[in-house]
Amino acid sequence: MAILKAIEHNISNVKENNITIFNDSLSTLTSIQNYCTPSDIARKVHNTHTAAQQSGKNIIYIWIPGYYNIFRNEQVDKAAKLAHSSSDALLYLFSPITT
């Protein structure tokens, strides 16, 4: 779901056309690579990614292992959990992280 929200946010709110989405869930990234029998959410990601491409966005996805020497990872995890449960999540996810 976070990848879908990130794509949607970038389509409508980001002027930059080259976008990188980092994700620590290898299973999620593997799931969205399945074009033969995708899950409902993977299909939505595919459709939204296609819409992003049609609007001139070039999106790449990079897997980063969770908790592997990543500065402030706990704060990012907290923001991700908030994104799952809050309609105002994008306000928090795209705000500066403070120490």
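Here the structure is shown first, and the text comes after it.
Just so you know, these numbers come straight off a predicted model, no measurement behind them.

1. Comments concerning the pairing of strand β1 (residues 18–23)
Judged by which residues are buried, β1 turns out to be one-sided: Ile19, Ile21 and Asn23 face inward and are buried, whereas Asn18, Thr20 and Phe22, on the alternate face, are not. Pairing of β1 with strand β2 (residues 58–63), which is carried by six bridges, proceeds in the parallel orientation. Across the sheet, Ile19 pairs through a bridge with Ile59, a residue of β2.

2. Quick notes on a nonpolar patch on the surface
Nonpolar side chains collect at one region of the surface, where Phe22, Ile60 and Ile62 lie side by side and expose about 270 Å² of accessible area between them. Here Ile62 is to be found in strand β2.

3. So, the side chain of His49
Along the chain, the position of His49 falls in helix α3 (residues 40–54). Other than its neighbours up to four places away in sequence, His49 contacts Ile7, Ile59 and Tyr61.

4. Section: the environment of Ile59
Looking at the element boundaries, Ile59 is found in strand β2. According to the relative accessible area criterion, Ile59 is buried, its value standing at 7%. In this structure the C-alpha to C-alpha distance between Ile59 and Asn18, which are 41 residues apart in sequence, comes to 6.1 Å. Leave out the neighbours within four places in its chain, and Ile59 touches Ile7, Ile19, Ile21, His49 and Ala52.

5. Brief notes about the nonpolar core
Core analysis: the largest hydrophobic core is formed by 12 residues, namely Ile3, Leu4, Ala6, Ile7, Ile19, Ile21, Leu29, Ile32, Ala42, Val45, Ala52 and Ile59. Put simply, the parts of the chain that give this core at least two residues each are α1 (2–13), β1, α2 (26–32) and α3. Ranked by residue count, the leading element in this core is α1, at four residues. Contact partners of Ile3, with chain neighbours within four places excluded, come to Ile21, Asn23, Thr28, Leu29, Ile32, Val45 and Tyr61.

6. Comments concerning the pattern of salt bridges
Taken as a whole and assessed by the stated rule, the structure comprises two salt bridges. We note a salt bridge from Glu8 to Lys5, for which the minimum N-O separation is 3.8 Å. You can see Glu8 and its partner Lys5 sitting in helix α1, three residues apart, about one turn around the helix. Assessed through its relative accessible area of 34%, Glu8 is described here as partly exposed. Residue Arg43 pairs with Asp40 through a salt bridge whose shortest N-O separation is 3.4 Å. Here the residue Arg43 and the residue Asp40 both occupy positions in helix α3, the gap between them amounting to three residues, near one helical turn.

The rules behind each value
Residues numbered from 1 in each chain as written. Predicted model: local features only at pLDDT ≥ 70, side-chain atom pairs only at ≥ 80, totals over all residues. Heavy atoms only, no water. Buried < 20%, exposed > 50% of the residue type's maximum accessible area, 1.4 Å probe, protein only. Helix = DSSP H or I, 4+ residues; strand = E, 2+ residues; numbered from the N terminus. Pairing = 2+ DSSP bridges. Patch = residues over 30% accessible without salt bridge, like charges linked within 9 Å, V, L, I, M, F, W, Y side chains within 5 Å. Areas by Shrake-Rupley, 256 points an atom, 1.4 Å probe, with all protein chains shown as cover. Salt bridge = Lys/Arg side-chain N within 4 Å of Asp/Glu carboxyl O. Contact = heavy atoms within 4.5 Å. Core = buried A, V, L, I, M, F, W, Y, C linked by side-chain atoms within 4.5 Å.

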